[in-house]
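Chain residues, written in single-letter form:
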Amino acid sequence: MNVLIIYGTTEGQTRKIAAWTATHVRERGHRVELLDGGALASDLKLGAFHAFIIASSVHQKHHQDTITSFVFAHHELLNARPSAFISVSLSAALDEKPEAQRYVDHFVSVTGWHPSKTILLGGALRFSEYDYFQEQFVKFVVMKHSGAVSPERDHEFTDWNALADFVDRFLETAG
């Protein structure tokens, strides 16, 4: 099977998730093309792919604009072929799954795409990369939900085992 993985990321965790997913899919014997949604070629030939995995992070309650635009433009093809959506947010990590699901529901209603499988994954906090204002914002918003998160170090909330199970189930149904 020829699988296209497109991702949209702000701080890099979704890129890491997409790259891990590409490796996992290749290890199962499939061909994979991994592309950054912010740098897609206008002549990309989507018809060559049998299945699609779209990964997007959530910032300020919305998925990446580049991913939203891509999916909106190609929702008919994505609906016609096996497709999966990986939504990455801190809400998914901080026991706020209903809020994370609302982000996905809004994305689906805006784009017209109905992925055959969806997963809500936790992202990461990269305190080592934040400037003062970003750190203060994260402390204000995130720390009130999880006092266990210390700004003295970075935190990764991605559940890699859940992602592996998700990808394996998707490949089983797509193939």
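Each value, and the rule that gives it
- Residues numbered from 1 in each chain as written.
- Predicted model: local features only at pLDDT ≥ 70, side-chain atom pairs only at ≥ 80, totals over all residues.
- Heavy atoms only, no water.
- Helix = DSSP H or I, 4+ residues; strand = E, 2+ residues; numbered from the N terminus.
- Buried < 20%, exposed > 50% of the residue type's maximum accessible area, 1.4 Å probe, protein only.
- Contact = heavy atoms within 4.5 Å.
- Axes fitted to C-alpha atoms, helices over the stretch in contact; angles between N-to-C directions.
- Parallel < 35°, antiparallel > 145°, perpendicular 65-115°, else oblique.
- Left-handed = near helix turned anticlockwise from the far one by under 90°.
- Nonpolar A, V, L, I, M, F, W, Y, C, P; charged D, E, K, R; others polar.
- Phe/Tyr/Trp six-rings, centres within 6.5 Å; stacked < 30°, edge-to-face > 60°.
- Core = buried A, V, L, I, M, F, W, Y, C linked by side-chain atoms within 4.5 Å.

Engineer: So what's going on with the environment of K16? Which residues, and what values?
Structural biologist: Locating K16 in the fold gives a position in helix α1 (residues 13–27). Of the residues examined, K16 reaches a relative accessible area of 42% and is grouped as partly exposed. For the pair K16 and G123, spaced 107 residues apart in the sequence, the C-alpha separation amounts to 10.0 Å. Ignoring sequence-local partners within four residues, the contact set of K16 consists of E156 and W160.

Engineer: Explain the packing of α1 against helix α6 (residues 160–174) to me, using residue names and the numbers behind them.
Structural biologist: Close contact between α1 and α6 brings their axes to 11 Å; oriented N to C, the two are set at 50°. On the basis of their axis angle, the class for α1 and α6 is oblique. The two elements α1 and α6 cross, and the hand of that crossing is right-handed. Counting all contacts with α1, which are made through Q13, K16, I17, W20, T21, H24 and V25, the residues of α6 involved are W160, L163, A164, V167, D168 and L171. Broken down by class, the residue content of the contact of α1 with α6 amounts to eight nonpolar, three polar and two charged.

Engineer: Quick one: what's the story with the packing of aromatic side chains, residue by residue and with numbers?
Structural biologist: Under the defined criterion, the tally for this structure stands at five aromatic pairs. With 5.5 Å between their ring centres and 70° between their planes, F85 and W113 make a pair best called edge-to-face. Taken together, the residues span a long stretch of sequence, with F85 in strand β5 (residues 83–89) and W113 in the loop between α4 (97–111) and β6 (117–122) at a distance of 28 residues. Each member of the pair, F85 as well as W113, carries the same accessibility label: buried. Seen from their ring centres, F107 and W113 are 6.3 Å apart, and the 80° between their planes marks the pair as edge-to-face. Take F107: its relative accessible area is 3%, and that puts it in the buried class. Clustering of aromatic rings is evident, with ring pairs tying together F85, F107 and W113.

Engineer: Describe the nonpolar core, listing the residues and the values that go with them.
Structural biologist: Counting 22 residues, the largest nonpolar core has I53 and I86 as its most contacted members. Elements represented by at least two residues in this core include exactly β1 (2–8), α1, β3 (51–59), β5, β6 and α6. Looking at which element gives the most residues to this core, the answer is α6, with six residues. Setting aside chain neighbours within four positions, we find I86 in contact with I17, T21, I53, I54, A55, S56, I119, L121, L163 and F166. Counting 19 residues, the second-largest nonpolar core is a separate cluster that includes L35, L46, L78 and A92.

Honestly, that's just the spatial picture; any functional story needs more than this.
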